[in-house]
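Chain by chain, the residues run as shown.
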Amino acid sequence: NGGLLELDCGGDVVVQRHCSGYDVAGELVGPNPHVYRGWLRNYIGGILIYLHSTVLWSFYIYYLKRNVYVPKGGLHTINLSVRFGLVWFGLVWFGLPFCNFSLNEKKTDITKVIPHKHFTTNYLISDAIPSNRAMVLQIGVAMKAMPFYCALPTLSEYMIENGWTKCFSRIGDVGWMAYLCYLTAYLVFVEFAIYWMHRGLHDIKPLYNYLHATHHIYNNQNTLSPFAGLAFHPLDGILQAVPHVIALFLVPMHFMTHITLIFLEGICTANIHDCIHGKLWPVMGAGYHTIHHTTYRHNYGHYTIWMDWMFGTLRHPVEDNNTKKIM
């Protein structure tokens, strides 16, 4: 009923899943093909990671710690309990009642480009907290794209199981020193490739207009929120994650580390869209990424600011007296 399922892949044993009690995906899809079972497991995991990370972080910064992270000022107070009630309602139904908004409606209703030269937080409090409509739309976009996002780790697992990659199943097979060297090489390649993939999505106009513009309708503190982290056109989200898979053909990589890094993308992207400058060098935090959403020409990097520094697209946040930071 539970335990480890091991698959022989060209001499290597890859751990496919661990279930305590029973196989959730198996119970849901029965005798359906193995690939579909893997996709369903990834889909469930992706939804849980997205909802847990975004809801908990949003509740923390907008409600529990709003006096710390939300700029002070404004002419009236906000009923945050009503706001989070509406967001929770959207989450319970996975955003489905709100998925009928067309792309044109989102572009005209919730966007207004504010060409900030620097990252500042001198907004009214009502503008600093994302609107109900913006957060609900972001949930809807992310939920519609999630089935497609989860196809990528499913494809990755399939290729690993068939022995087509340089992936290995146990750190003990190569030793900790080699593992750390491989991990470093993997991360450097992913950082480089995602930088240029992201920059290409801006520089190649058809890609921007038909794919990446879906994400960039969120461009100020009244629309940017942790929920925007996965609010992409499905193909856009896949293109920006595909370097993780390409790296498997170039660099030996631990299977579980690879899968974990793919799913950690959901948490990282939630964090960099909250408009809170964490000041943790050299991490590409929200302060840097907010600049990207307002200038469109800077800070394309992924985990760190190094690629932007190397290729001349780095712009540092400049804080004013009202800027809030994570302690």
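Structure's up top.
What you are looking at is a predicted structure, and each value in this text was computed from that prediction instead of being measured. (Residues numbered from 1 in each chain as written. Predicted model: local features only at pLDDT ≥ 70, side-chain atom pairs only at ≥ 80, totals over all residues. Heavy atoms only, no water.)

J.: Could you give an account of the pattern of salt bridges, with specific residues and numbers?
T.: Counted under the stated rule, the structure contains three salt bridges. Close ionic contact of Arg41 with Glu157 constitutes a salt bridge, the shortest N to O distance being 2.6 Å. Of the two residues, Arg41 sits in helix H2 (residues 34-64) while Glu157 sits in helix H8 (residues 151-161), which places them 116 residues apart along the sequence. Judged by relative accessible area, Glu157 falls into the buried class, the value being 4%. The salt bridge involving Arg297 is made with Asp203; its shortest N-O contact spans 3.0 Å. Placement of the pair is Arg297 in the loop between helix H14 (286-295) and helix H15 (306-311) and Asp203 in helix H9 (residues 176-203), with a sequence separation of 94 residues. Judged by its relative accessible area of 34%, Asp203 falls in the partly exposed class. Salt bridges sharing partners connect three or more residues here, namely Arg199, Asp203 and Arg297. (Salt bridge = Lys/Arg side-chain N within 4 Å of Asp/Glu carboxyl O. Helix = DSSP H or I, 4+ residues; strand = E, 2+ residues; numbered from the N terminus. Buried < 20%, exposed > 50% of the residue type's maximum accessible area, 1.4 Å probe, protein only.)

J.: Before we move on, could you go through the side chain of His198 and cite the residues and values that matter?
T.: Relative to the helices and strands, His198 resides in helix H9. At 3.0 Å, the side chain of His198 forms a polar contact with the backbone oxygen of Tyr300. (Polar contact = N/O pair within 3.5 Å; in protein donor to acceptor, adjacent residues only side chain to side chain.)

J.: Describe the packing of H2 against helix H7 (residues 132-149), with residues and values.
T.: At a minimum axis separation of 10 Å, H2 and H7 run at an interaxial angle of 165°. What the angle tells us is that H2 and H7 run roughly antiparallel. For H2 against H7, the interelement crossing comes out right-handed. From H2, Trp39, Tyr43, Gly46, Ile47, Tyr50, Leu51 and Tyr62 reach across to H7, where they touch Met135, Gln138, Ile139, Ala142, Met143, Met146 and Pro147. Class assignment of the residues belonging to the contact of H2 with H7 gives a composition of twelve nonpolar, two polar and no charged. (Axes fitted to C-alpha atoms, helices over the stretch in contact; angles between N-to-C directions. Parallel < 35°, antiparallel > 145°, perpendicular 65-115°, else oblique. Left-handed = near helix turned anticlockwise from the far one by under 90°. Contact = heavy atoms within 4.5 Å. Nonpolar A, V, L, I, M, F, W, Y, C, P; charged D, E, K, R; others polar.)

J.: Pulling in residues and values, what's your account of the nonpolar core?
T.: Membership of the largest hydrophobic core comes to 21 residues, with the highest contact counts inside it found for Tyr50, Met143, Met146, Tyr149, Phe227 and Leu230. For this core, the secondary structure elements donating two or more residues are H2 and H7. Top element by residues in this core is H2. It accounts for eight residues. Residues within four places of Tyr149 in sequence aside, it is in contact with Ala142, Leu230, Phe232, His233, Pro234, Gly237 and Ile238. (Core = buried A, V, L, I, M, F, W, Y, C linked by side-chain atoms within 4.5 Å.)

J.: Please provide a residue-by-residue account of the packing of aromatic side chains, values included.
T.: Overall, the coordinates contain 13 aromatic pairs when judged by the stated rule. With a centroid separation of 5.6 Å and an interplanar angle of 85°, the aromatic rings of Trp176 and Tyr179 are classed as edge-to-face. Here Trp176 pairs with Tyr179, and both are found in helix H9, just three residues apart, close to one helical turn. Note on Trp176: relative accessible area 59%, which makes it exposed. Judged by its relative accessible area of 9%, Tyr179 is buried. (Phe/Tyr/Trp six-rings, centres within 6.5 Å; stacked < 30°, edge-to-face > 60°.)

J.: Which residues make up the packing of H8 against helix H13 (residues 255-271), and what values go with them?
T.: Any two packed helices are characterised by the angle at which their axes cross and by the distance between the axes. Two elements in contact, H8 and H13, have axes separated by 11 Å at closest approach and are oriented at 170°. Comparing their axes, H13 and H8 come out roughly antiparallel. Note on element contacts: H13 touches H8 through Phe255, His258, Ile259, Ile262 and Phe263, opposite Pro153, Ser156, Glu157 and Ile160.

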